[in-house]
Amino acid sequence: MEPFRHLIDTPQLFALAAALGWASGIRLYAAVFLVGAAGYMGWIDLPHGLRMLQHPGVLAASGFMCFVEFFADKIPFVDSLWDVVHTVIRIPAGAALAAGALGADGDAMTWVAALLGGSLAATSHAAKLTTRAAVNTSPEPFSNIGVSLLEDGFVVFMLWLAAAHPAVFAIALVLTLAIAVLLMVVLVKFLRLVITRMRAFLSGRMPAPLPPHKEV
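Criteria and cut-off values
Residues numbered from 1 in each chain as written. Predicted model: local features only at pLDDT ≥ 70, side-chain atom pairs only at ≥ 80, totals over all residues. Heavy atoms only, no water. Core = buried A, V, L, I, M, F, W, Y, C linked by side-chain atoms within 4.5 Å. Buried < 20%, exposed > 50% of the residue type's maximum accessible area, 1.4 Å probe, protein only. Helix = DSSP H or I, 4+ residues; strand = E, 2+ residues; numbered from the N terminus. Contact = heavy atoms within 4.5 Å. Polar contact = N/O pair within 3.5 Å; in protein donor to acceptor, adjacent residues only side chain to side chain.

Draft legend 1. Spatial organisation of the nonpolar core. In this structure, Leu20, Trp22, Leu50, Leu97, Leu159, Phe169 and Leu173 are the most contacted members of the largest nonpolar core, which totals 37 residues. Looking at this core, the elements that each hand over two or more residues are α1 (10-40), α4 (87-102), α5 (107-135), α6 (142-164) and α7 (166-202). Beyond its immediate sequence surroundings of up to four residues, Leu159 is in contact with Ala19, Leu20, Ala23, Ala31 and Leu34.

Draft legend 2. Expanded view of the side chain of Arg27. With respect to the helices and strands, the residue Arg27 is situated in helix α1. At 3.0 Å, the side chain of Arg27 and the backbone oxygen of Ser148 are in polar contact. When residues no more than four places from it in sequence are discounted, the contact partners of Arg27 are Glu69, Asp73, Lys128, Arg132, Ser148, Glu151, Asp152 and Val155.

Draft legend 3. The side chain of Asn136, seen in detail. Tracing the backbone shows Asn136 in the loop between α5 and α6. At a separation of 3.2 Å, a polar atom in the side chain of Asn136 contacts the main-chain amide nitrogen of Phe77. Those residues in contact with Asn136 that lie beyond four places of it in its chain are Pro76, Phe77, Asp79, Ser80 and Asn144.

Shown next as structure tokens:
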């Protein structure tokens, strides 16, 4: 664990702040618990503004909520309800965690970090919320479980990458954000079509058929 012990240089601190902001929009409690546990076990030296995460009380609370979220996130429609409720929690939490990672350098850096973390949390949360709404149009529950497990693993991987390879993490984060924006554009159009068809069905009108497939 030696490469993780000293998160003291600026690239690593920026990577940690960005990773916490981004991860907060997807798995807030897992991010808080994993980073706090790493600090408590002595695997990394957390910045002063994040050392409260390694307090046993904070670890117990974040660990419990991480456990609850792990299962809630895999139940169809419960996952979307969970995401809607956490809209008012994940984004400010992402801003606060990022500010805690970089806040030691002064008020200006605290605000920069908070804006960065909040923006990343908002983007990842919106992408997750949209994706889950689209997945919930499928009647079977296995797609929810599969997507949720993928999110679990990806959050852990990105947090590790931020600590071990900040430059690689920066590239991965940019690609992830680009894919997230593309997904939101595509899925919002899909959800609008689903809502339109549902309204037509409930009103007793048959929805317009899809254009016929033309064979080449």
